[in-house]
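Coordinate analysis (summary)
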Amino acid sequence: MVFLNGTFIQKIKASISVMDRGFLFGDGVYEVIPVYQGKIFRLTEHLDRLQNSLDSIQITNPYSHDEWHTILTKLNSFSPELDQSLYLQITRGADTQRKHNFDTLTPTVYIEANPLTPKSKAQLKIGFSAMTREDIRWHRCDIKSTSLLANILYAQEAKQHQVEEIILFRNHEITEGATSNVFMLKDNTLFTHPTGPNILSGITRDLVISSAKACRLDIQETPFLLDDIQHADGLWISSSTREIMPITLLDNRPINQGVIHPAWSCVHDHYQQLKND
Ligand code: PDD
């Protein structure tokens, strides 16, 4: 079952107009929200970010917090899996003709739920490889827009090179991953790019920061350089669906001689604890 414009229907029966601006222009925003043991994880934070994305592109939020909660909970109840990832998108809606500028339309709301199987600690401890690329995206990466062409090209490159993620740099500074936020550990300090127009403010990013504080790491929300990674003690990526993954090989060069720093284990365990709260 999926949710489309106020109705729960079978996915196969869900359809939208060819005039939908999401289809024509990628004119919409989205969220990916994990559900653990049947409980929606950090719903308020995700809905706050959704509100920011909607405000940035002048779409009125069609639902209140409570209405979102009711819709998402009902959609969850159709699937037997206790761990799920909810994908929700809102586009500007369907117009009568294709034009770049817009009038006020009725937004199209689509939500689907998919089973979520986070990797176990043992699977994560193997480590993952990544490669770096120049960040060619626009300067409003804080908007969680469905227009993801650059990210799609990166994701395809990652697939072709069999790496977990593409890590992006702008003017030698690491911004984020193609689908994740990035952290560098050096001398007990965890560095990550500050929030702003050049990254998506990840919900998991905030939880990594609070978990890292609990693990007595110092936090520096300041940009770090691509060259700094050569001497890093650790490199991690984070997202709602991947949680916190240690990168042990970047551009075919080992990070910290391929050894995952014990701080990752502490932050990982703390994050897992948050899921049970
Ligand atoms: N992506 N940065 C980018 C560019 C992302 O696409 C994502 C997540 C993140 C991490 O955000 P969060 O911790 O809130 O998931 C950072 C989702 C999972 C996606 O596009 O499917």
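Quick caveat, the model's predicted, so the values are computed rather than measured. (Residues numbered from 1 in each chain as written. Predicted model: local features only at pLDDT ≥ 70, side-chain atom pairs only at ≥ 80, totals over all residues. Heavy atoms only, no water.)

**Here's the deal with the domain arrangement of the chain**
What counts here: Where each domain starts and ends comes from a domain assignment, either automatic or drawn from a database. Take the accessible area each of two parts loses on contact, using a 1.4 Å probe, and add the two losses: that sum is the buried area. When a carboxyl oxygen of Asp or Glu is within 4 Å of a side-chain nitrogen of Lys or Arg, the pair counts as a salt bridge. Any N or O atom pair separated by 3.5 Å or less is treated as a polar contact, with the protein-specific requirement of one donor-capable and one acceptor-capable atom, and with residues adjacent in sequence counted only for side-chain atom pairs. Secondary structure elements are taken from DSSP: a helix is a run of H or I of four residues or more, a strand is a run of E of two residues or more, and numbering for both begins at the N terminus.
According to the domain assignment, the chain contains domain 1 (2–115) and domain 2 (121–276). The straight-line distance from the C-alpha centre of domain 1 to that of domain 2 is 26 Å. Summing both sides of the interface, domain 1 and domain 2 together bury roughly 1,600 Å²; the carbon and sulfur share of this comes to 61%. Of all residues in domain 1, the largest losses of buried area upon contact with domain 2 belong to Y30, Y36 and R49, amounting jointly to 37% of the total for that side. Applying the counting criterion to the domain 1 and domain 2 interface returns zero salt bridges. Put simply, domain 1 and domain 2 have eight residue pairs in polar contact (both at pLDDT 80 or more) between them. Secondary-structure elements contributing two or more residues to the side of domain 1 that touches domain 2 are β3 (28–36), α2 (43–56) and β5 (84–91). Of the residues forming the side of domain 1 that touches domain 2, the biggest block, seven residues, is contributed by β3.

**Here's the deal with helix α6 (residues 203–214)**
Rule in force here: To estimate how far a helix should reach, multiply one less than its number of residues by 1.5 Å. For every residue, the accessible area obtained with a 1.4 Å probe (protein chains only) is divided by the maximum for its type, and the residue is called buried under 20%, exposed over 50%, and partly exposed between those limits.
In this model α6 runs 17 Å from its N-terminal to its C-terminal C-alpha over twelve residues, within 8% of the 16 Å that 1.5 Å per residue would give. Three or more residues of α6 are buried, namely I203, T204, R205, L207, V208, I209, S211 and A212. Looking one or two residues beyond α6, the residue adopting positive phi is R216, at roughly 60°.

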